[in-house]
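Breakdown of the fold
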Amino acid sequence: MTGHAGTADQAATTGRARSAAARRTATALRRVAAGYARHRDRAGGTWRAYVSVTGPDGSPHEAVAEEPDTPVEAYSVNKIAVAVAVLDRVDRGLLALDQRIEVTEDLVVPGGDGIFALDGAWPSSVTLGHALATLLTVSDDTAVRLCGRLCPATDLNRVLRARGLGHTQVRPVADPHRFHLGTSTARGTHDLLRALATGGLLTAASTAYLLGLLRSPVAFTDGIRREMSSAERARVATKAGWYADGRHEAGIVFDRVGAPVLTYALFATGPTGADDVAATHPAVRARSRMGRPFLAAVDRLTGRAGGRPGAATMS
């Protein structure tokens, strides 16, 4: 009888733990949704967004879904997709992070974001690893062209489609080694990030490398990470994109042991400030005000590292 009683006690304890975890997840979902709506409304403009919170079973639960399947110009947020395709080639042994790329003057984007345009001395050469680091941290536009020398647009799009990410595609041009950064959807970008964080796109080494760049101190800090300490910023992998009246950001919040607990894709356009790419733009300011509530909402949750991504579930 003692054995049966022990089993029953264990089952009751497990049931209570699961119920508590489910309640914490439900609370987090409500807090994330409320924080998003409040600051989105204050900023104005048009938003397409998808945000999920990781549940006790490791699956994503939908917190925000605002026109999540509407295609948008993703701008530099799609540099994550470029990096995924390049690192896929690294994983297959076709490229190496330490191989060198020639930087010629015709590849440099005049006035573009990043640091290559500031060099003022070409030709030069850098490693592929250096190009990817500048691509994802200071959002270097010339680094896009350097990646294109090694991974043409058609191959890049093929890699994404093969992984079920056909909503996120670059736009080819006449030169097969050049492309515009193209389009995505909020859900598509969210799914790319979830697949990456849960080990569904790249090897463990390439996944850690890419996420390490997006979590680094030099990565974008004007949005979600703005009102956070250095340690808190290190728990957030993020990438912003901006052009004309678009102000976008997408990323992942991790728990204290490195498992994803919140994934966000926030695409905003208008209504004002097309000439302002700084933290004072209404949409960027809104994201900076969302960051702290997002982090606080999931701070007691624990995610699951590794495994294949699942589709977000309604909650």
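Each residue is numbered by its place in its chain's sequence as written, counting from 1. Selection of residues for local features in this predicted model requires a pLDDT of at least 70, selection of side-chain atom pairs for listing and counting requires 80 or more, and totals for whole chains, interfaces and linings are taken over all residues. Values reported for side chains reflect all heavy atoms of the structure, with hydrogen atoms and water molecules removed beforehand.

**A few points about the sheet that holds strand E10 (residues 260-269)**
Pairing is antiparallel across the open sheet formed by five strands, whose spatial order is E2-E1-E10-E9-E8. Each of the sheet's edge strands pairs with one partner strand only, and the pair in question is strand E2 (60-66) and strand E8 (236-243). For this sheet, the mean inter-axis angle between neighbouring strands, taken without regard to orientation, is 5°. Only strands joined by at least two bridges in the DSSP assignment are considered to pair. Helix and strand assignments come from DSSP, with helices taken as H or I runs of at least 4 residues and strands as E runs of at least 2, each series counted from the N terminus. Between N-to-C directions, angles cover 0 to 180 degrees, with each direction set by a line fitted to C-alpha atoms, over the stretch in contact for helices.

**A word on the pairing of E8**
Each residue gets one of three labels from its accessible area relative to the maximum for its type: buried under 20%, exposed over 50%, partly exposed in between, using a 1.4 Å probe on protein chains only. Among the eight residues in E8, six count as buried, and that is most of the element. The pairing of E8 with strand E9 (residues 246-254) spans eight bridges and is classified as antiparallel. Opposite Lys239, over in E9, you have Ala250 as the bridge partner.

**Focus: the nonpolar core**
Ranked by internal contacts, the top residues of the largest apolar core, which has 57 residues, are Leu135 and Leu210. With nine residues, helix H2 (residues 79-91) is the single largest residue contributor to this core. Residues are treated as being in contact if the distance between any of their heavy atoms lies within 4.5 Å. With sequence-adjacent residues up to four places away left out, Leu210 is seen in contact with Ile80, Ala83, Val84, Leu87, Leu136, Leu196 and Leu202. We call a set of buried residues a nonpolar core when its members are Ala, Val, Leu, Ile, Met, Phe, Trp, Tyr or Cys and they connect through side-chain atoms within 4.5 Å of each other.

**Quick word on the state of the cysteines**
The definition used for a disulfide is geometric: two cysteine sulfur atoms within 2.5 Å. One pass over the structure, following the stated rule, counts zero disulfides. Note on Cys147: no disulfide assigned, nearest cysteine sulfur contributed by Cys151 at a separation of 8.2 Å. A residue is classified by how much of its surface remains accessible, and Cys147, at 1% relative accessible area, is buried.

**Considerations on the side chain of Arg287**
Structurally, the position occupied by Arg287 is in helix H10 (residues 282-298). Those residues within four positions of Arg287 in sequence are excluded, and the remaining contacts are Trp47, Phe220, Gly223, Ile224, Ala240, Arg247, His248, Glu249 and Leu266.

**Points about the packing of H2 against helix H5 (residues 141-150)**
Two elements in contact, H2 and H5, have axes whose closest approach is 10 Å; the angle formed by their N-to-C orientations is 30°. One finds that H2 runs roughly parallel with respect to H5. The chirality of how H2 crosses H5 is left-handed. Across from Lys79, Val82, Val86 and Arg89 in H2, the residues of H5 making contact are Asp141, Val144, Cys147 and Leu150. Here the contact of H2 with H5 is composed, by residue class, of five nonpolar, no polar and three charged. Orientation labels follow simple angle bins: below 35 degrees gives roughly parallel, above 145 gives roughly antiparallel, 65 to 115 gives roughly perpendicular, and whatever is left gives oblique. Handedness of each helix crossing follows the sense of rotation of the near helix against the far helix: counterclockwise by less than a right angle gives left-handed, clockwise gives right-handed. By the convention adopted, Pro, Cys, Tyr, Trp, Phe, Met, Ile, Leu, Val and Ala count as nonpolar, Lys, Arg, Asp and Glu as charged, and the other residues, Gly among them, as polar.

**Regarding H5**
Counting buried positions along H5 yields seven of 10 residues, so the element is predominantly enclosed. Among all positions in H5, only Thr142, Ala143, Val144, Leu146, Cys147, Gly148 and Leu150 are buried. Check the buried side of H5 and you find it contacts H2, strand E4 (100-103), helix H3 (116-119), strand E5 (124-127), helix H4 (128-136) and strand E7 (179-184). N or O atoms closer than or at 3.5 Å make up a polar contact, with two conditions inside protein: a donor-capable atom paired with an acceptor-capable one, and, for residues adjacent in sequence, both atoms drawn from side chains. You can read the cap of H5 off the contacts: a side-chain oxygen lies 2.8 Å from the backbone nitrogen of Thr142, and it is on Asp140.

**Re H2**
Side chains three or four residues apart in an α-helix point the same way, a direct result of the helix having 3.6 residues per turn. Between the first and last residue of a helix there are one fewer steps than residues, each counted as 1.5 Å, and that sum is the expected span. Taking 1.5 Å of rise per residue, 13 residues should cover 18 Å, and H2 covers 18 Å from first to last C-alpha, within 8% of that figure. Among the 13 residues in H2, 12 count as buried, and that is most of the element. Along H2, the positions that sit buried rather than exposed are Lys79, Ile80, Ala81, Val82, Ala83, Val84, Ala85, Val86, Leu87, Asp88, Arg89 and Val90. Downstream of H2 by a residue or two, Gly93 has a phi angle that is positive, lying close to 80°.

**Some thoughts on the pattern of salt bridges**
Side chains that differ in charge, positive against negative, can pair when their charged atoms come close. Here, a salt bridge means any side-chain nitrogen of Lys or Arg that lies within 4 Å of a carboxyl oxygen of Asp or Glu. Under the criterion given, the structure shown has 17 salt bridges. Residue Glu66 pairs with Arg40 through a salt bridge whose shortest N-O separation is 2.5 Å. Taken together, the residues Glu66 in strand E2 and Arg40 in helix H1 (residues 2-43) connect sequence positions 26 residues apart. Glu66 gets classed as partly exposed once you look at its relative accessible area, which sits at 23%.

**Looking at the packing of aromatic side chains**
For this analysis, a ring pair means two rings from Phe, Tyr or Trp (six-membered ring only for Trp) whose centres lie within 6.5 Å, classed as stacked if their planes differ by under 30 degrees, edge-to-face if by over 60, and tilted for the remaining angles. Using the criterion set out here, one finds three aromatic pairs in the structure. Seen in terms of ring centroids, Tyr36 and Trp47 are 6.0 Å apart; in terms of plane orientation they differ by 85°. Their pairing is edge-to-face. Placement of Tyr36 in helix H1 and of Trp47 in strand E1 (residues 46-54) is noted, with a sequence separation of 11 residues between them. Among the residues examined, Trp47 registers a relative accessible area of 2% and is labelled buried. Measuring from centroid to centroid gives 5.7 Å for Tyr75 and Tyr243, while their planes differ by 55°, and the two rings are tilted. With Tyr75 in the loop between strand E3 (72-73) and H2 and Tyr243 in strand E8, this pair connects stretches of sequence that are 168 residues apart. A relative accessible area of 58% places Tyr243 in the exposed class. Over the face of the ring belonging to Phe254 we find Arg215, whose NZ or CZ atom lies 4.3 Å from the ring centre. Definition used: whenever NZ (Lys) or CZ (Arg) falls within 6 Å of the ring centre and also within 35 degrees of the ring normal, the charge is taken to sit over that ring.

Scope: geometric values only; no functional claims are made or implied.
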